[in-house]
Amino acid sequence: MKFSVVDLGTVSPGTTETDALADSLATARHADALGFHRIWFAEHHLSRSGASHHPELLIAAAIPQTRGIRLGSGAVLMNHYSPFKVAEMFKQLEAMAPGRIDLGMGRATAGPVIDLALQRDRSRRSQADHGQQISETLAWLYDAFPDDHPFAGHRLMPGVPEVPQTWLLGSSPNGSALAAGLGIGYTFAGFINPPAAAPALRHYRETFRPQGFGLDAPRGILAVNVTVGDTRDEGLHLVNSAKGFYARLGRAGRGAGQVTVPSPDEAAREMTDDQRNEPTAIVDGSWPRFVAGGPDDVRATLERMLEESGADELMVQDLIADPGARRHSHRLLAEMFGVPPRPAECRRPATRTG
């Protein structure tokens, strides 16, 4: 079982986006040392809660600061971009860090203003062509256009044989069918849609068909919001920031982009009893949005989620307000699942001579 991290560039209370981006790179170095398999950076626009707007920039910045951990996007929002641009960009990142780059692809709406601002052709409504966007990106990366296609024969960086790993990120059964049909990796956002996570990952595994895009067998990641404290009480206190953030989103309406992540104490004061008491473990078979507590509590819940979903890998997301507590949570997770630390010689950034 592999363990990984998706980083949101969380802006801690009383800090700036500049601080948050420095924290993201510190988290990448820390996850590399702990032995995590990969770290992905999110794409969120005009968001005061997170500073990770363009994951490819953080990937590029993290390359020289890490050595063994895989670096990727969680996710590039393909509904906004040219497949050629995305494929070429990640091919270049692969050239900069051979064998360590992941292209995670997804889609999302960020509201009418941002969606329009990201759209090049504003004379017509954006098209719902997600499958086509993903397929064209794969064709560029694998030089897989039909012979009669106008893009055939135009290879991306032919001197670079490596290709980034490709993943589809989703939170609905539709994504599992698309990933399985294309024969690429699939990541389910269990923190968005907990009830659908296990069925979607099982469906992906059952219907996977290799298509020559890097995988001969299915590879599924379960992404979960996880907060681990030294004790149960500490973990339940720290997860108040995540609960409080979603409570703020529920009150914000159209101003959701201005919502910030509260400290645990702020969140506790703002939430209703129902919000504070939202389950952080599986209750009557229902998966929670947030998994939290001490190491024993969290491990028991995650082991059951992994068993029910059949996932090959667990990716943790969190909204822990304090970056030190965030990284300590990662350390506790690695320790309780016996993740071996990455040897120092595998983490030292490469240097050029001459």
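If you're wondering where the values come from, they're calculated on a predicted model, not measured in any experiment.

Asks: Explain helix H5 (residues 130-142) to me, please; I cannot follow it from the model alone.
Replies: Side chains of residues three or four places apart in an α-helix project in the same direction, reflecting 3.6 residues per turn. Taking 1.5 Å of rise per residue, 13 residues should cover 18 Å, and H5 covers 19 Å from first to last C-alpha, within 8% of that figure. Listing the buried residues of H5 in full gives His 130, Gln 133, Ile 134, Glu 136, Thr 137, Leu 138, Ala 139, Trp 140 and Leu 141. At its buried positions, H5 is contacted by helix H3 (83-96), strand S5 (101-106), strand S6 (165-170) and helix H6 (173-182). Trailing H5 by a residue or two, Asp 143 shows a phi angle of about 50 degrees, which is positive.

Asks: I'm lost on unusual backbone geometry in this one. Help?
Replies: In most cases, non-glycine residues show a negative phi, while peptide bonds are predominantly trans. Residue Ala 75 is bonded to the preceding Gly 74 through a cis peptide linkage, with omega at 10 degrees. Tracing the chain through its elements places Ala 75 in the loop between strand S3 (70-73) and strand S4 (76-77). Its identity as a non-glycine residue notwithstanding, Asp 143 has a phi of 50 degrees, on the positive side. For Asp 143, the location among the structural elements is in the loop between H5 and S6. For Asp 143, a relative accessible area of 39% gives the class partly exposed.

Asks: How should I be thinking about the nonpolar core in this particular structure?
Replies: In terms of nonpolar packing, the biggest core is built from 68 residues, with Phe 36, Ile 184, Leu 222 and Leu 302 touching the most fellow members. The greatest single-element share of this core, amounting to 6 residues, is contributed by helix H7 (residues 194-207). Those residues within four positions of Ile 184 in sequence are excluded, and the remaining contacts are Met 105, Ile 134, Leu 138, Thr 166, Trp 167, Leu 168, Ala 179, Tyr 204, Phe 208, Phe 213 and Leu 215. Grouped together as the second largest cluster of nonpolar side chains are 11 residues, Ala 42, Ala 242, Val 259 and Ala 321 included.

Asks: Please clarify how the packing of helix H2 (residues 55-62) against H3 should be interpreted in this entry.
Replies: Relative orientation and spacing of two packed helices are given, respectively, by the angle between their axes and the distance between those axes. One can describe the packing of H2 onto H3 by two numbers: an axis separation of 10 Å at closest approach and a directional angle of 10 degrees. Taken together, the axis directions place H2 and H3 in an arrangement best described as roughly parallel. Contact residues: H2 offers Glu 56, Ile 59 and Ala 60, while H3 offers Met 89, Phe 90, Leu 93 and Met 96. Grouping the amino acids of the contact of H2 with H3 by side-chain chemistry returns 6 nonpolar, no polar and 1 charged.

Asks: Help me understand the pairing of strand S8 (residues 220-228) in this model?
Replies: One face of the sheet, then the other: side chains in a regular strand alternate in exactly this way. In terms of residue burial, S8 counts as a mostly covered element, since 9 of its 9 residues are buried. Residues Gly 220, Leu 222, Val 224, Val 226 and Val 228 line one face of S8 and the alternating positions Ile 221, Ala 223, Asn 225 and Thr 227 line the opposite face, and both faces are buried. With 4 bridges connecting them, strand S7 (residues 185-189) and S8 associate as parallel partners. Directly across from Ala 189, in S8, lies its bridge partner Ala 223. Tracing the backbone out of S7, into H7 and back to the parallel element S8 gives a crossover that is right-handed. The pairing of S8 with strand S10 (residues 313-317) spans 5 bridges and is classified as parallel. Each bridged residue has a counterpart across the sheet, and for Leu 222 the counterpart in S10 is Leu 314. Of the strand pairs in this sheet, S8 and strand S9 (residues 290-293) are connected by 4 bridges, and their pairing is parallel. Directly across from Val 226, in S9, lies its bridge partner Val 291.

Rules and cut-offs
Residues numbered from 1 in each chain as written. Predicted model: local features only at pLDDT ≥ 70, side-chain atom pairs only at ≥ 80, totals over all residues. Heavy atoms only, no water. Helix = DSSP H or I, 4+ residues; strand = E, 2+ residues; numbered from the N terminus. Expected span 1.5 Å × (residues − 1). Buried < 20%, exposed > 50% of the residue type's maximum accessible area, 1.4 Å probe, protein only. Contact = heavy atoms within 4.5 Å. Core = buried A, V, L, I, M, F, W, Y, C linked by side-chain atoms within 4.5 Å. Axes fitted to C-alpha atoms, helices over the stretch in contact; angles between N-to-C directions. Parallel < 35°, antiparallel > 145°, perpendicular 65-115°, else oblique. Nonpolar A, V, L, I, M, F, W, Y, C, P; charged D, E, K, R; others polar. Pairing = 2+ DSSP bridges. Right-handed = clockwise from strand over helix to strand, strands pointing away.

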